[in-house]
Amino acid sequence: MSETNLNHDGLKQFFDVLPAVVRERIERDAGYEGLIEVVLDYGRPAEARYRDRTERMDDVIVTEHDIEFVIRQIGDFGSDNRAGIERTLHRISCMRNRHNKVIGLTCRVGRAVEGTIDIIDDIVRAGQSILLLGRPGVGKTTKLREVARVLADEVGKRVVIVDTSNEIAGDGDIPHPGIGSARRMQVPSAPLQHQVMIEAVENHMPEVIVIDEIGNESEAMAARTIAERGVQLVGTAHGQTLENLMLNPSLADLIGGIQAVTLSDDEARRRGTQKTVLERKAPPTFDVVIELLDYERLAVHANVQKTVDLILRGIPPKPEIRVRTIHGEYEVVQQAESKDVKEPSFNERFPALARRPEPEPEAPPVESAAKQGGLVRIYPFGIARTRLERAIREKRAPAFVCTDITQADAIMAIRSTYQNRPKKLQEAAGKPIPAVVVKSNTFSQISGALDEILRRAGEGPDSESEAMEEVLKAVETVLQTGKPFELTPQPAPIRKLQHQVTEARRLASEAVGEEPNRRIRVLPTRLS
């Protein structure tokens, strides 16, 4: 990298504070391109972390002298254990031992990159309040800094940045030029951020306030106060997805808050739900939520109010997905799906109970959809649909949530709601449907139940052979012990094959239980 680029990015000042041996190794072996941070832990090898790899310097062991050298070059650490290099965007964070002595440093590179928000430029200029979500290191602060510059210099708005750790506008009293003409208010200590946010509105007449790392309930309430005064908000928060934010009680107010509402018996019956449901408490603070999925890929929830309502109704949202191409332009690879949020009527939710279908002579078993190359249709009964949808997405399972029980291939139910009405559900479906029951609505239980449904569906190419292996082992066990042995539940075609195997071994067998748990019991009775 040239000397000009080093000066432009402030990397020269960054490398000047590093121990000479670390700096030389980076320059010689790894280079500067894509460098994210340098980690110096006392008594351990130094590390240089890049976007796509980590270079561990096994022959460079960090000493106490190396850490003291870095500390002498930078400003004082604040209450959040962060410091910076004046007039740059770099950040040095420290780790301390029990005696308050610094024993580790994370030296993070900060860059002001113009053009990094062209992928969301139309949203930024629309004047809506925007919340950026994403994992650490994905570029939230870089985009936030560029948003402040664009709104101040190109749109001509009065922009004030509330800079808690001096990460947006750099260390020192003179802000980094990367924020353009936007003004910066420093925060004495992290717990005071919410007070400085309110002070910015009351004293400096901003049209836009930019906030990094909204992290607690006080800051969320301050953000709501600012939004209610008509000021555009642009900020980041802890969390990777909108659903994460909804599950965080401290920050849920940013998207309107969630409250439990008890319905009357008639209303619960009309909706076809339990009496206690979750609803949005108030209008969201932010109009738009952008999930940074990767450096060049993001998901846009353009209407947070509608998206939150959809999730609470158990309908998975379909955000707009934008991706930057290799040519530097961006394209929309998935259009947002607009859905009207309305309460389904009882007949819409349970159509089979309103109009009983004609009984079918033989319902196809759950494995038929999978074996024919289709998707397994799962009807959730008392199950959190958003968690089931999440399990399907994460496992990339060939399945989808079905809202009509008459079209379902399998039922996933919670024990408390299912145990009193299994026959009613089967009657509503008009055919026998395999059911998997879970004890609670946790993600792990739902994920395990999904695995069980797919196993029964015969998604694995060896499911039939596994059933044959099981019956062969059962035959051996019965011959050795002289006691009956029950196999795992299987669809009718596989049970027929298992019967044939036992008969070939001169043993009797019988089918026990009711669908979907009907199974073969191998008996010690010898056939003549």
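For clarity, every value in this text was computed on a predicted model and none was experimentally measured. (Residues numbered from 1 in each chain as written. Predicted model: local features only at pLDDT ≥ 70, side-chain atom pairs only at ≥ 80, totals over all residues. Heavy atoms only, no water.)

**Student:** Honestly, the pairing of strand E16 (residues 320–324) in this entry has me stumped. Any pointers?
**Tutor:** Two faces belong to every sheet, and in a regular strand the side chains alternate between them. Burial analysis of E16 places five of its five residues in the buried class, which makes it a mostly covered element. Residue alternation in E16 divides its side chains into two sets, Glu320, Arg322 and Arg324 and Ile321 and Val323, and both sets are buried. Pairing geometry for strand E15 (residues 297–301) and E16, over four bridges, is antiparallel. In the strand pairing of E16, Val300 is matched with Glu320. Both E16 and strand E17 (residues 330–334) contribute to a ladder of four bridges, which runs antiparallel. When the bridges of E17 are listed, Arg324 appears paired with Tyr330. Count of turn residues in the E16/E17 antiparallel hairpin: five residues, of which Gly328 carries a positive phi of about 90°. (Buried < 20%, exposed > 50% of the residue type's maximum accessible area, 1.4 Å probe, protein only. Helix = DSSP H or I, 4+ residues; strand = E, 2+ residues; numbered from the N terminus. Pairing = 2+ DSSP bridges.)

**Student:** Would you mind showing me how to read the environment of Lys473 here?
**Tutor:** Relative to the assigned elements, Lys473 resides in helix H19 (residues 463–481). Lys473 sits 14 residues away from Leu487 along the chain, and the two C-alpha atoms are 10.0 Å apart.

**Student:** Any chance you could explain the confidence of the model for the chain here in plain terms?
**Tutor:** Here the chain averages 83 in pLDDT, while 87% of its residues score no lower than 70. A low-confidence stretch, residues 343–373 stays under pLDDT 50, and its non-local contacts, those more than four residues away or across chains, total 59 contacts. (pLDDT = per-residue confidence, 0-100. Contact = heavy atoms within 4.5 Å.)

**Student:** Is there a simple way to think about the packing of aromatic side chains in this case?
**Tutor:** When we look at a pair of aromatic rings, we describe it by the centre distance and by the angle of the planes. Counted under the stated rule, the structure contains one aromatic pair. Both rings, one in Phe14 and one in Phe15, keep their centres 5.6 Å apart while their planes meet at 85°; by these two values the pair is edge-to-face. Phe14 gets classed as buried once you look at its relative accessible area, which sits at 0%. In this structure, Arg51 packs its charged tip against the face of Tyr295, placed 4.4 Å from the ring centre. The ring of Tyr50 is capped by Arg53, whose NZ or CZ atom sits 4.1 Å from the centre of that ring. (Phe/Tyr/Trp six-rings, centres within 6.5 Å; stacked < 30°, edge-to-face > 60°. Lys NZ or Arg CZ within 6 Å of the ring centre and 35° of its normal.)

**Student:** Is there a simple way to explain the sheet that holds strand E7 (residues 130–133) in this structure?
**Tutor:** Paired through backbone hydrogen bonds, the strands of a sheet run either parallel or antiparallel to each other. A sheet is described by the order of its strands in space; here nine strands give the open sequence E9-E8-E10-E11-E7-E14-E15-E16-E17, paired in mixed fashion. In the strand order of this sheet, the two ends are held by strand E9 (183–186) and E17, each with one partner. Here the strands of the sheet are splayed against their neighbours by 20° on average, with no regard to which way each runs. Of the pairings in the sheet, the one linking strand E8 (residues 159–163) to strand E10 (residues 208–214) comprises four bridges and is parallel in character. Looking at E10, one finds that Ile161 is bridged to Val210. This element, helix H6 (residues 140–154), spans E7, E8, E10, strand E11 (232–237) and strand E14 (288–294) of the sheet and lies at about 170° to E11. Contacting E10 and E11, helix H8 (residues 217–228) runs over the sheet at an angle of about 165° to E10. (Axes fitted to C-alpha atoms, helices over the stretch in contact; angles between N-to-C directions.)

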